[in-house]
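One-letter residues, chain by chain:
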Amino acid sequence: MAVKDRDRFSTATRLRLFGEQTAARVYRSQTKRQARRSRLTGRAALLALVLCSLIVALAYPIRQYVSQRAEIADLERQKQQAKERVEQLRDLKARWQDDAYAQQQIRQRLHYVMPGETGYVVIDPDAAKQSRADAGAAHRPWYSNVWDGVDKSDASDQ
């Protein structure tokens, strides 16, 4: 034990201990600096730059793709509507080929009657009164008719 005590006070031992303590302090200060230093390394910055470049480069083509898909869907919808309209027109054409349907439509729309029948047209009494009122408006100046129209529309709103 005497050798150990004597060794403890020797200059070489003291220098070695001093060096170890200094190295420990330096190591601790380096670890503190590393902890404070930003975690963004050069590789991470490069990766972020590449990702941003890819996003910017792909934004326009992706937008075009989405808009074209929407346009395709719209055109397919229009195509389906056109097919339905064609089917309706084919059905209507087939109905008009039938003489009974054509005769019915001619009687209904054109008010035709078969020989020997008497045709009647029922006139709405309100429509007849209105046509008589319009006949009286022809003998007045145009601005009177305009004001009457304004008054009538104002009265109908109330």
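Presented here is a report on the structure given in the accompanying data block.

What counts, and where the lines are drawn
- Residues numbered from 1 in each chain as written.
- Predicted model: local features only at pLDDT ≥ 70, side-chain atom pairs only at ≥ 80, totals over all residues.
- Heavy atoms only, no water.
- Helix = DSSP H or I, 4+ residues; strand = E, 2+ residues; numbered from the N terminus.
- Buried < 20%, exposed > 50% of the residue type's maximum accessible area, 1.4 Å probe, protein only.
- Areas by Shrake-Rupley, 256 points an atom, 1.4 Å probe, with all protein chains shown as cover.
- Axes fitted to C-alpha atoms, helices over the stretch in contact; angles between N-to-C directions.
- Parallel < 35°, antiparallel > 145°, perpendicular 65-115°, else oblique.
- Contact = heavy atoms within 4.5 Å.
- Nonpolar A, V, L, I, M, F, W, Y, C, P; charged D, E, K, R; others polar.
- Salt bridge = Lys/Arg side-chain N within 4 Å of Asp/Glu carboxyl O.
- Expected span 1.5 Å × (residues − 1).
- Arc of directions from axis to C-beta.

Attention shifts here to the overall build of the protein chain. Helix and strand counts for the protein chain come out as six helices and zero strands. Starting at the N terminus and ending at the C terminus, the protein chain contains elements arranged as α-α-α-α-α-α. Evaluated residue by residue, the protein chain yields a buried proportion of 3% over its 158 residues. Looking at the protein chain as shown, the accessible area adds up to about 15,000 Å², and 59% of this sits on carbon and sulfur atoms.

So, about the packing of helix α3 (residues 42-97) against helix α4 (residues 99-110). Closest axis-to-axis distance for the α3/α4 pair is 5 Å, and the angle between their directions is 90°. Viewed along their axes, α3 and α4 adopt a mutual orientation that is roughly perpendicular. Counted together, Leu 92, Arg 95, Trp 96 and Gln 97 of α3 and Asp 99, Tyr 101, Ala 102, Gln 105 and Arg 109 of α4 form the full contact between these two elements. Looking at the contact of α3 with α4 residue by residue, the class counts come to four nonpolar, two polar and three charged.

Okay, the pattern of salt bridges next. Applying the stated criterion across every chain, the model contains four salt bridges. A salt bridge links Arg 77 to Asp 74; its shortest N-O distance comes to 2.3 Å. Of this pair, Arg 77 and Asp 74 both sit in helix α3, three residues apart, roughly one helical turn. Take Arg 77: its relative accessible area is 42%, and that puts it in the partly exposed class. Relative accessible area serves as the criterion here: at 30%, Asp 74 is assigned to the partly exposed category.

A few words now on α4. Taking 1.5 Å per residue, 12 residues should reach 16 Å; α4 reaches 16 Å between its end C-alpha atoms and fits that length. Where α4 is concerned, the buried positions are Tyr 101, Ala 102 and Gln 105. One side of α4 carries all its buried residues, which in axial view fall inside an arc of 95°. Taken together, the buried residues of α4 touch α3. Backbone geometry just after α4 places His 111 at a positive phi near 60°.

Let's shift gears to unusual backbone geometry. Negative phi characterises most residues that are not glycine, and trans characterises most peptide bonds. For His 111, which is not a glycine, the phi torsion comes out positive at approximately 60°. Following the sequence through the fold, His 111 ends up in the loop between α4 and α5 (125-137).

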